[in-house]
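Fold and contact review
Here's the letter readout for the chains.
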Amino acid sequence: MSFEEAQTVFEDESAFIFPDELHSTGEDREIVIGYSSRSCLLLVCFIERVLSVICIFSARRATKNERTDYEKNAGVKSGENANE
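So, a few notes on the structure that sits alongside this text.

Attention now goes to the overall build of the chain. A count of helical and extended segments in the chain gives two helices and four strands. Walking the chain from its N terminus toward its C terminus, one meets helices and strands in the order α-β-β-β-β-α. Counting over 84 residues, the chain shows a buried share of 31%. In the form shown here, the chain has an accessible surface area of approximately 5,700 Å², with 47% of it arising from carbon and sulfur atoms.

Moving on, we come to the environment of Ile-54. Structurally, Ile-54 can be placed in strand β4 (residues 54-61). In this structure Ile-54 touches Phe-10, Phe-46, Ile-47 and Glu-48, once residues within four positions along its chain are discounted.

Right, let's get into the packing of aromatic side chains. For the structure on display, the rule yields three aromatic pairs. The interplanar angle of 85° and the centroid separation of 5.0 Å between the aromatic rings of Phe-10 and Phe-46 together place this pair among those described as edge-to-face. Pair noted here: Phe-10 is in the loop between α1 (3-7) and β1 (16-19) and Phe-46 is in strand β3 (residues 41-48), with a separation of 36 residues, a long-range link. Residue Phe-10 is classed as partly exposed on the basis of its relative accessible area of 30%. Here Phe-46 falls in the buried class, since its relative accessible area comes to 2%. Aromatic side chains Tyr-35 and Tyr-70 sit 5.6 Å apart centroid to centroid with 70° between the ring planes, which places their arrangement in the edge-to-face category.

You will see that Ser-39, though not glycine, has its phi angle at about 65°, which is positive. Along the chain, Ser-39 turns up in the loop between β2 (29-35) and β3.

Hydrogen bonding along the main chain pairs the strands of a sheet, whether they run parallel or antiparallel. Taking strand neighbours across the sheet as the criterion, the four strands line up as β1-β2-β3-β4 in an open arrangement whose pairing is antiparallel. A single partner strand is all that each edge strand has here, and the edge strands are β1 and β4. Direction aside, neighbouring strands of the sheet carry axes that sit 25° apart on average. The pairing of β1 with β2 spans four bridges and is classified as antiparallel. Among the inter-strand pairings, Phe-18 is bridged to a residue of β2, identified as Ile-31. The strands touched by helix α2 (residues 64-74) within the sheet are β1, β2, β3 and β4, with β2 carrying the most contacts at an inclination of about 75°.

Another point: the pattern of salt bridges. Throughout the structure, instances matching the rule amount to three salt bridges. Two residues, Arg-67 and Glu-71, come together in a salt bridge whose shortest N-O distance is 3.9 Å. Here Arg-67 and its partner Glu-71 are both found in helix α2, four residues apart, which amounts to about one turn of the helix.

What counts and how
Residues numbered from 1 in each chain as written. Predicted model: local features only at pLDDT ≥ 70, side-chain atom pairs only at ≥ 80, totals over all residues. Heavy atoms only, no water. Helix = DSSP H or I, 4+ residues; strand = E, 2+ residues; numbered from the N terminus. Buried < 20%, exposed > 50% of the residue type's maximum accessible area, 1.4 Å probe, protein only. Areas by Shrake-Rupley, 256 points an atom, 1.4 Å probe, with all protein chains shown as cover. Contact = heavy atoms within 4.5 Å. Phe/Tyr/Trp six-rings, centres within 6.5 Å; stacked < 30°, edge-to-face > 60°. Pairing = 2+ DSSP bridges. Axes fitted to C-alpha atoms, helices over the stretch in contact; angles between N-to-C directions. Salt bridge = Lys/Arg side-chain N within 4 Å of Asp/Glu carboxyl O.

Okay, structure coming up:
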């Protein structure tokens, strides 16, 4: 997936953002899980810098367990975004 696609996860109104406590040493890293504009469920790791500038340093497709957690918490039924 491209950097451009990873950016679109922030447009998903059902996306979840939570702290990446395991990797936050010296800076507050965060993780967002949500659907991209291509209907792929992605996990994106990022840092929010000064003036709301976001620095993405990792992005990948969500695992099966991450997908299950997302769907349970977002109220999304499996298969709704079947374009993956």
